[in-house]
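Residues per chain are reported as follows:
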Amino acid sequence: QGQLVESGGGLVQPGGSLRLSCETSGITFRLYAMSWYRQAPGKERELVASITSVGTTTSYVDSGKGRFTISRDNAKNTVYLQMNSLRPEDTAVYLCHARRTALGRNYEYWGQGTQVTVSS
């Protein structure tokens, strides 16, 4: 059974930076596409950034382009989200997601999330 554990969240002032990490276990990490989602109180869960299994393609929510960078280290079974120029509207619980499709079957796992609060 796959496990995803996020870390790196916290309280930061507007304009600051945070680096989130998601360490995985129990899955063949290099086969999974990885994503970061976020969920703010009263709002729907939102896809923030994604990276393919081999790390060659990334995508971002429009509000994160130019500020966020997703990366992965397949040797460490870990995916990262570097967030710069943080804004109060980035405040949310950030969740890590792993997904793979094989032989027509979907495999996916979620972490429990890490809180990011952007406030002065």
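The structure presented is a predicted model; accordingly, all values stated were derived computationally and were not measured. (Residues numbered from 1 in each chain as written. Predicted model: local features only at pLDDT ≥ 70, side-chain atom pairs only at ≥ 80, totals over all residues. Heavy atoms only, no water.)

## A look at the overall build of the protein
Each helix and strand in the protein was counted, giving zero helices and eleven strands. The order of α-helices and β-strands along the protein, N terminus first, is β-β-β-β-β-β-β-β-β-β-β. Radius of gyration (C-alpha) of the protein: 14 Å, near the 14 Å computed for a compact globule of 120 residues. Projected onto its principal axes, the C-alpha coordinates of the protein cover approximately 50 × 30 × 25 Å. Looking at the protein alone, contacts between residues at least 24 apart form 54% of all its contacts between residues at least 6 apart. Total accessible area on the protein is roughly 6700 Å²; 44% of this is exposed by carbon and sulfur atoms. Charged side chains in the protein number 13 positive and 9 negative. The centres of these two groups are separated by 6 Å. (Helix = DSSP H or I, 4+ residues; strand = E, 2+ residues; numbered from the N terminus. Rg over C-alpha atoms; globule rule 2.2 N^0.38 Å. Contact = heavy atoms within 4.5 Å. Areas by Shrake-Rupley, 256 points an atom, 1.4 Å probe, with all protein chains shown as cover. Lys, Arg positive; Asp, Glu negative; His and termini not counted. Charge placed at Lys NZ, Arg CZ, Asp CG, Glu CD.)

## Overview of the state of the cysteines
One covalent bond between the sulfur atoms of two cysteine residues makes up a disulfide. A full pass over the atoms with the stated rule returns one disulfide. Across the disulfide from Cys 22 sits Cys 96; the S-S distance is 2.1 Å. Where Cys 22 bonds to Cys 96 through sulfur, the torsion about that S-S bond is close to -85°, and the disulfide is left-handed. One end of the pair, Cys 22, is in strand E3 (residues 18-25); the other, Cys 96, is in strand E9 (residues 92-102), and 74 residues separate them in sequence. By relative accessible area, which is 0% here, Cys 22 ends up buried. (Disulfide = S-S within 2.5 Å. Buried < 20%, exposed > 50% of the residue type's maximum accessible area, 1.4 Å probe, protein only.)

## Overview of the nonpolar core
Residues Met 34, Trp 36, Val 48, Val 79, Leu 81, Met 83 and Tyr 94 are the most contacted members of the largest nonpolar core, which totals 28 residues. Elements with a minimum of two residues in this core: E3, strand E4 (33-39), strand E5 (46-51), strand E7 (68-73), strand E8 (78-83), E9 and strand E11 (114-118). For Val 79, the residues in contact, after removing those within four places along its chain, are Leu 20, Ser 21, Cys 22, Phe 29, Met 34, Trp 36, Ile 51, Ile 70, Ser 71, Arg 72 and Cys 96. (Core = buried A, V, L, I, M, F, W, Y, C linked by side-chain atoms within 4.5 Å.)

## Observations concerning the environment of Ala 49
In this fold, Ala 49 is placed in strand E5. Remark: the alpha-carbon pair of Ala 49 and Lys 65, spanning 16 residues in sequence, is separated by 9.2 Å. Excluding its chain neighbours within four sequence positions, the residues that come into contact with Ala 49 are Met 34, Ser 35, Trp 36, Ser 59, Tyr 60, Ile 70 and Leu 81.

## Considerations on the pairing of E3
Summarising the sheet, strand E1 (residues 3-7) and E3 pair through five bridges and their orientation is antiparallel. Directly across from Val 5, in E3, lies its bridge partner Glu 23. Relative to E8, E3 runs antiparallel, the two sharing six bridges. Bridge pairing in E8 places Arg 19 opposite Gln 82. (Pairing = 2+ DSSP bridges.)

## Describing the sheet that holds E3
Here we have four strands laid out as an open sheet, ordered E1-E3-E8-E7, and antiparallel in their pairing. A strand with exactly one partner marks an edge of an open sheet, and here the two such strands are E1 and E7. Adjacent strand axes in the sheet meet at a mean angle of 15° when their direction is disregarded. (Axes fitted to C-alpha atoms, helices over the stretch in contact; angles between N-to-C directions.)

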